[in-house]
Amino acid sequence: MSWGTELWDQYENLSLHTQKGIDFLEKYGHFIRDRCDIEKEYATKLRKLVKTYTPKKKDEEDYQYSPCKAFKSAMQELSDLAGQHEVIAENLQQDVIREVTILVKDMKDERKKHLQEGAKMMTLLNNQILTLERARKNYEKAFKEAERAIDNFHKADADLNLSRAEVEKQRMNMTQKSQQCEETKNEYANQLQRTNDLQHQHYHILMPDVFRLLQELDEKRIKNIKNFMIHSVDVERKVFPIINQCLDGIVNAAHQINEKEDTLMVIERYKSGYQPPGDIPFEDLSRTDSAPAPPPPTISGLRPEAVTVKGTMSAGRLKKRVGLFAIFGSNKNNLSSYGDNKEDFSDLPPNQRKKRLQMKIEEILAKIQQETAARDGLMKMKGVYEANPSMGDPMTIEGQLNASSHNLEKLRLELHKYQGFLEEVEGGSPANRRHNAGTPQHNGIQRQHRNSGGSGGEEESLSRSASDSSVSANHNHKQSAPGTPLPAHGPESGLGTSHTSLPDSDDAPHTEYYDGELLPPLGTCRALYPFEATSEGSIPMNDGEELLIIEHDQGDGWTRVRRQNDLEEGFVPTSYIECTVISNC
């Protein structure tokens, strides 16, 4: 079926139809453009969503659990998914919108050309028809004039009153009119033949060619719309494998969630290294003349900082404590967040301090390795310059080498310092330290067994009560020895006032007794540095002062000592003293 044969008389309708088709193609191009904008907007919002919910650097520590890691991986996959939508928009922009725009312009130009050609042919045919009509009218007019001339001649010839000259005049007029009529007749015939030929050529050859070109143009438009729609789907379908990979990545990240490992990780993260508090000892009220005290409140019913190890209220202090019970309080040093206020992380519990020191050592080792590689590169460059001076001056590298060596020395000193901190936490020699030792109360229990031969009953209760108590502290400013870190935890960890202390003298020296006598010393020590006590349970000491050891360091960096003159007891940093009799400190 051809437009040229079937629609030979529908020039105007075909012109309107082709214009609507091109308008539809242009409308489809606008649709693809809006689709690209939606894809870009969707990708932008996805990326904004990922950026909003991606953990910040300060929150990375909380993202070590498997659900958090899986969520972080899902955010990365979602970011890749957003990238695929950007790819869809970009490919549609380049492969569809660009082609549609070019095709619309070309079709408009081509349609205009074909319609101009058809209009020209229509004008030519119309002009020929008008020429034929004029020729027919001229012929009709000449024919009528010739008829009148013939009638006039016949009348004049029959009239005997007219002269011969007048008759001859009428005859010549008749002849002239007849000749004109014959000429117009021939002209009309010629124009008629020409018009018929042009009309036949117009409707069977010329206009069918124009309609055929318009038909091909419209078919090309329809075919290209089909191809554009298929290509739009192909553009999107090509990214489906990558989108599926992103979705599979999210599923795989979800499969990596392990509740058992996370619970173990919580233990590893929050484990303090302390031992649970021992049994609350029985208070023998018959040994004192004071009025009967109310029954000891439960620990859960009081603020942790207001409860001693024995479960009783402190006699004269409700001071906030940072010991064993404080880890369950909602203070600023809670284990949920690491404190970096102290260089040696001594404000952290033993287990957490050990982890942070190990992390710090690994960080310093990585810096040393990086700086060593940089120095080796500078050395090689210097060797090349020395072998070939034209490439550069070796002295220009000297300053960089000196700076690198200086940085390495600083890093090594810092590494040595933190290794010392770590050795202090781990307790030095395993033979002399108990890695999992808790608060000093456990040493008191062991000492009681050692002195009493393991007997139980009232002696065990009294000994434990004595060893669970602590002494008061003088509140001064601490003066640290050069290069010597303080212990990780204060001596007040989990300790309270002894029930054998004088009840009305909080500032007097507090002394513990064993079966009515002073606890036996385990050795002597000498102060290497002066120490001013600032935490509860510690006592000050002077450089070179001789003290009695009554409780060894249990892994928390503190040793319990007693003065020989005033019998004042308290804790001092283990790194500040030197044992002179028993080397178990």
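Quantities reported herein were computed from a predicted structural model and do not represent experimental measurements.

Whenever I open this one, the overall build of the protein chain confuses me. Can you help?
What the protein chain contains, in helices and strands, is ten helices and nine strands. A separation of at least 24 residues holds for 73% of the contacts in the protein chain among residues at least 6 apart in sequence.

What am I meant to see in the packing of helix α2 (residues 11-53) against helix α4 (residues 164-238) here?
To characterise two packed helices, one gives the angle between the axes of the helices and the distance between these axes. Following both chains from N to C, one finds α2 and α4 inclined at 15°, their axes separated by 11 Å at the closest point. Overall, the two elements α2 and α4 adopt an arrangement that is roughly parallel. Here α2 runs over α4; the crossing is left-handed. Between α2, through Y11, L14, H17, T18, G21, I22, F24, L25, Y28, I32 and R35, and α4, the contact on the second element is made entirely by M207, F211, L214, D218, R221, I225, F228, M229, S232 and E236. Of the residues belonging to the contact of α2 with α4, the class tally is 13 nonpolar, four polar and four charged.

How should I be thinking about the environment of S73 in this particular structure?
Assignment of secondary structure puts S73 in helix α3 (residues 66-158). Distance in space between the C-alpha atoms of S73 and T54 is 9.6 Å, their sequence separation being 19 residues.

Just checking my understanding: could you explain the nonpolar core for this structure?
Nonpolar side chains in soluble globular proteins generally cluster together in the buried interior. Residues L25, I32, L92, V96, V100 and F228 are the most contacted members of the largest nonpolar core, which totals 27 residues. At the level of elements, α2, α3 and α4 are the ones that each hand at least two residues to this core. Excluding residues that lie within four positions of it along the chain, L92 makes contacts with I32, R35, C36, I97, S232 and V235.

Can you help me understand the pairing of strand β7 (residues 558-562) in this one?
Residues in a regular strand project their side chains so that they alternate between the two faces of the sheet. Counting buried residues in β7 gives five out of five residues, a clear majority hidden from the surface. As paired strands, strand β6 (residues 546-551) and β7 are joined by three bridges and run antiparallel to one another. When the sheet's bridge partners are listed, L548 is paired in β7 with R562. The antiparallel hairpin formed by β6 and β7 contains six residues in its connecting segment, where G555 sits at a positive phi of about 100°. Here β7 runs beside strand β8 (residues 569-573); their pairing, made up of five bridges, is antiparallel. Pairing of R560 across the sheet is with F571, part of β8.

Even after reading the chapter, I still don't get α3, so can you show me in this structure?
Since there are 3.6 residues in each turn of an α-helix, residues three or four apart along the chain are aligned in direction. Taking 1.5 Å of rise per residue, the 93 residues of α3 would be expected to cover 138 Å, and the 134 Å separating its terminal C-alpha atoms lies within 8% of that figure. The sharpest bend along α3 reaches about 35° and sits at Q93.

Is there a simple way to think about the side chain of S232 in this case?
By the secondary structure assignment, S232 is in helix α4. Taking relative accessible area as the criterion, S232 reaches 7% and is therefore assigned buried. Among all residues touching S232, those that are not within four sequence positions of it are Y28, I32, L92 and V96.

Can you walk me through the packing of aromatic side chains in this structure?
The way to describe two aromatic rings as a pair is by their centre distance and the angle between their planes. Per the counting criterion, the structure on display carries ten aromatic pairs. With a centroid separation of 5.9 Å and 0° between ring planes, the pair formed by Y139 and Y188 is classed as stacked. On the criterion of sequence distance, the pair formed by Y139 in helix α3 and Y188 in helix α4 is long-range, its members being 49 residues apart. On the basis of an interplanar angle of 75° and a centroid distance of 5.8 Å, the ring pair of F531 and Y576 is categorised as edge-to-face. Pair noted here: F531 is in the loop between β5 (523-527) and β6 and Y576 is in the loop between β8 and β9 (577-579), with a separation of 45 residues, a long-range link. Pair check on accessibility: F531 and Y576 agree, each one buried. Three or more aromatic residues joined by ring pairs make a cluster, and in this case those are Y529, F531, W558 and Y576.

Which parts of the structure should I look at to understand the pattern of salt bridges?
Once the charged atoms of two side chains with opposite charge are near each other, the side chains can pair. This model, assessed by the stated rule, comprises 23 salt bridges. In this structure, R98 engages E99 in a salt bridge whose closest nitrogen and oxygen atoms are separated by 3.5 Å. Looking at E99, the relative accessible area reads 33%, which means it is partly exposed. A salt bridge links K177 to E145; the nearest nitrogen and oxygen atoms lie 3.3 Å apart. Of this pair, K177 sits in helix α4 while E145 sits in helix α3; the two residues are 32 residues apart in sequence, bridging distant segments of the chain.

Conventions used here
- Residues numbered from 1 in each chain as written.
- Predicted model: local features only at pLDDT ≥ 70, side-chain atom pairs only at ≥ 80, totals over all residues.
- Heavy atoms only, no water.
- Helix = DSSP H or I, 4+ residues; strand = E, 2+ residues; numbered from the N terminus.
- Contact = heavy atoms within 4.5 Å.
- Axes fitted to C-alpha atoms, helices over the stretch in contact; angles between N-to-C directions.
- Parallel < 35°, antiparallel > 145°, perpendicular 65-115°, else oblique.
- Left-handed = near helix turned anticlockwise from the far one by under 90°.
- Nonpolar A, V, L, I, M, F, W, Y, C, P; charged D, E, K, R; others polar.
- Core = buried A, V, L, I, M, F, W, Y, C linked by side-chain atoms within 4.5 Å.
- Buried < 20%, exposed > 50% of the residue type's maximum accessible area, 1.4 Å probe, protein only.
- Pairing = 2+ DSSP bridges.
- Expected span 1.5 Å × (residues − 1).
- Bend = angle between axes of the 7 residues up to and from the residue.
- Phe/Tyr/Trp six-rings, centres within 6.5 Å; stacked < 30°, edge-to-face > 60°.
- Salt bridge = Lys/Arg side-chain N within 4 Å of Asp/Glu carboxyl O.

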